[in-house]
Amino acid sequence: EDLTAARLEEIIDAFDAGKGDTIKPGPQIDRMTSAAAAGQTTLLEQPTKFREKFVPPPPPEAPAAAPAAAPAAAAPAAPAPTTKGRPRDVSEEGAPALKEPSAAAKVSEAKAESERKQANASANANGQPAKAMRPDATGAESPAGKIDGGKAVGKPEHAVSGGATAPRAIFTAPAGAPDDLKMMAGIGPKLEAELNAIGISKFSQIAAFTADDVAKVDGAISFKGRIGRDNWIKQAEALAKGGAAEYERVFGKKPR
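Residues numbered from 1 in each chain as written. Predicted model: local features only at pLDDT ≥ 70, side-chain atom pairs only at ≥ 80, totals over all residues. Heavy atoms only, no water.

Chemist: Can you help me understand the overall build of the protein in this one?
Modeler: Scanning the protein from terminus to terminus reveals 8 helices and 2 strands. In the protein, the order of α-helices and β-strands from amino to carboxyl end is α-α-α-β-β-α-α-α-α-α. Burial status across the protein gives 20% buried among its 256 residues. Residue pairs at least 24 apart in sequence account for 52% of intrachain contacts in the protein once pairs closer than 6 positions are excluded. As displayed, the protein has an accessible area near 19600 Å², and 57% of this comes from carbon and sulfur atoms. (Helix = DSSP H or I, 4+ residues; strand = E, 2+ residues; numbered from the N terminus. Buried < 20%, exposed > 50% of the residue type's maximum accessible area, 1.4 Å probe, protein only. Contact = heavy atoms within 4.5 Å. Areas by Shrake-Rupley, 256 points an atom, 1.4 Å probe, with all protein chains shown as cover.)

Listed below in structure tokens is the structure:
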């Protein structure tokens, strides 16, 4: 779709800001579908010569047709079958889905019914879910599937605020009004909110990131890898040092 790194970043940020409907579908440059970027290069002439050379003239008019003969009587309908057709034989190799369980896995209907009645009797006696047929059953009520208490391994703890789950602060936010982190390429409104939630609110904090800090932030935000890919530290150094003017001097363009 003729994407560049910068254009892809703009598209991601637009969707992140809830403005995905502003993105033009298809090629992202002045190109008509899959035509050449410079314009049409084929089929530039009208096909008149082709028609004169290859398209035959229309046939002469046919003489008047003779009167149509009377339509023939319709053939009688075939009688309906009186017996069902025999199904086509299919081998087990040709239709694996028709294979039955092995004999060892089969249980007689009488035995299965007996186990069911015993399980029901046990459940009615003590008011507990029946497990006589599957003593090792875990079920949805069992905590067996929640060994870590429902937390994903390695995921930072979260705090719930106003019904929404937000990352718990892992840095101490400095005093004063927060910087507009969205001035940095690669940070949209959603990512800025996540950074603020973990305690990152100033360009100076990002400029001072250590390798350990980068790992912590990568593990806490939803866009892992953006710090290195978008060169956050260098962007933050310029903005912390001299704002938009220093950013433009360093990168040759204005911040977002």
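Chemist: Teacher, can you tell me more about unusual backbone geometry here?
Modeler: Glycine aside, negative phi is the norm for most residues, and most peptide bonds take the trans geometry. The phi torsion at Asn 231 lies on the positive side, around 55°, for a residue other than glycine. Within the secondary structure, Asn 231 sits in the loop between α7 (226-229) and α8 (232-251).

Chemist: Explain the confidence of the model for the protein here, please?
Modeler: As a general rule, the predicted coordinates of low-pLDDT regions are not to be interpreted in detail. Confidence along the protein averages 74 in pLDDT terms, with 61% of residues attaining 70 or more. When the criterion is pLDDT under 50, residues 140-164 qualifies, and its contacts beyond four places in sequence or with other chains add up to 17 contacts. (pLDDT = per-residue confidence, 0-100.)

Chemist: What should I look at first to understand helix α6 (residues 211-220) in this one?
Modeler: Given 3.6 residues to a turn, an α-helix orients residues that are three or four positions apart in the same direction. Among the residues of α6, Asp 213, Val 214, Val 217, Asp 218 and Ala 220 are the ones counted as buried. When α6 is viewed along its axis, its buried side chains cluster within an angular range of 165° and face the same direction. (Arc of directions from axis to C-beta.)

Chemist: Would you explain the side chain of Gln 235 in this entry?
Modeler: In this fold, Gln 235 is placed in helix α8. Look at Gln 235 and you get buried, because its relative accessible area is 2%. Within the structure, Gln 235 has its side chain in polar contact with the backbone nitrogen of Ala 185 (distance 2.7 Å). When near neighbours in sequence (up to four residues on either side) are disregarded, Gln 235 contacts Met 184, Ala 185, Asp 230, Tyr 247 and Phe 251. (Polar contact = N/O pair within 3.5 Å; in protein donor to acceptor, adjacent residues only side chain to side chain.)

Chemist: What exactly am I supposed to notice about the nonpolar core here?
Modeler: Residues Met 184, Leu 195, Ile 200, Ile 206, Val 217 and Trp 232 are the most contacted members of the largest nonpolar core, which totals 22 residues. Looking at this core, the elements with two or more residues in it are α4 (189-197), α5 (203-207), α6 and α8. A per-element tally of this core places α8 first, with 4 residues. What Leu 195 contacts, discounting residues up to four positions off in sequence, is Leu 181, Ile 187, Ile 200, Val 217, Ile 221 and Trp 232. (Core = buried A, V, L, I, M, F, W, Y, C linked by side-chain atoms within 4.5 Å.)

Chemist: Please clarify how the pattern of salt bridges should be interpreted in this entry.
Modeler: Here the idea is simple: oppositely charged side chains can pair when their charged atoms come close. All told, the structure shown has 8 salt bridges when counted by the stated rule. Residue Asp 180 is joined to Lys 182 by a salt bridge in which the shortest nitrogen-to-oxygen separation is 3.1 Å. Note that Asp 212 is salt-bridged to Lys 216, the shortest N-O span being 3.7 Å. Here Lys 216 and Asp 212 lie together in helix α6, a separation of 4 residues that amounts to about one turn. The exposure class assigned to Asp 212 is partly exposed, which follows from its relative accessible area of 46%. Lys 216 gets classed as partly exposed once you look at its relative accessible area, which sits at 40%. (Salt bridge = Lys/Arg side-chain N within 4 Å of Asp/Glu carboxyl O.)

Chemist: So what exactly am I meant to see when it comes to the packing of aromatic side chains here?
Modeler: Both the distance between ring centres and the angle between the ring planes are used here to describe each pair of aromatic rings. As enumerated under the stated definition, the model contains 2 aromatic pairs in all. Seen in terms of ring centroids, Tyr 247 and Phe 251 are 4.5 Å apart; in terms of plane orientation they differ by 35°. Their pairing is tilted. You can see Tyr 247 and its partner Phe 251 sitting in helix α8, 4 residues apart, about one turn around the helix. (Phe/Tyr/Trp six-rings, centres within 6.5 Å; stacked < 30°, edge-to-face > 60°.)

Chemist: Explanation requested: a nonpolar patch on the surface in the structure shown.
Modeler: A surface patch of nonpolar side chains, amounting to about 240 Å² of accessible area, comprises Leu 3, Leu 8 and Ile 12. Its relative accessible area of 45% is what places Leu 3 among the partly exposed residues. (Patch = residues over 30% accessible without salt bridge, like charges linked within 9 Å, V, L, I, M, F, W, Y side chains within 5 Å.)

Chemist: Explain the layout of surface pockets here, please?
Modeler: To find leftover empty space, a probe the size of one water molecule is rolled over the atoms. Approximately 250 Å³ is the volume found for the largest pocket. Surrounding the largest pocket, 14 residues form its lining, Ala 6, Glu 9, Ala 185, Tyr 247 and Lys 253 being those nearest its centre. Looking at the lining of the largest pocket, the elements that each hand over two or more residues are α1 (5-16) and α8. In terms of residue count, α1 provides more of the lining of the largest pocket than any other element does, 4 residues in total. A breakdown of the residues in the lining of the largest pocket according to their chemical character gives 6 nonpolar, 2 polar and 6 charged. (1 Å grid on protein atoms, 1.4 Å probe; cavity = no way out; pocket = protein on both sides within 12 Å on 5 of 7 lines; lining within 4 Å. Points joined across faces, edges and corners; volume = space filled by probe spheres on them. Nonpolar A, V, L, I, M, F, W, Y, C, P; charged D, E, K, R; others polar.)

Chemist: Help me out: how do you make sense of empty space enclosed by the protein in this one?
Modeler: Evaluated as defined, the whole model comprises 1 cavity of 30 Å³ or more. Size it by volume and the largest cavity reaches roughly 30 Å³. Forming the boundary of the largest cavity are Ile 12, Asp 13, Asp 16, Gly 186, Gly 188, Leu 191, Phe 223 and Arg 226. Residues of the lining of the largest cavity, tallied by class, amount to 3 nonpolar, 2 polar and 3 charged.

Chemist: How should the environment of Gly 176 be read in this particular structure?
Modeler: Looking at the element boundaries, Gly 176 is found in the loop between β2 (164-167) and α4. Considering only alpha carbons, one finds Gly 176 and Ser 201, 25 residues apart in sequence, at a separation of 9.4 Å.

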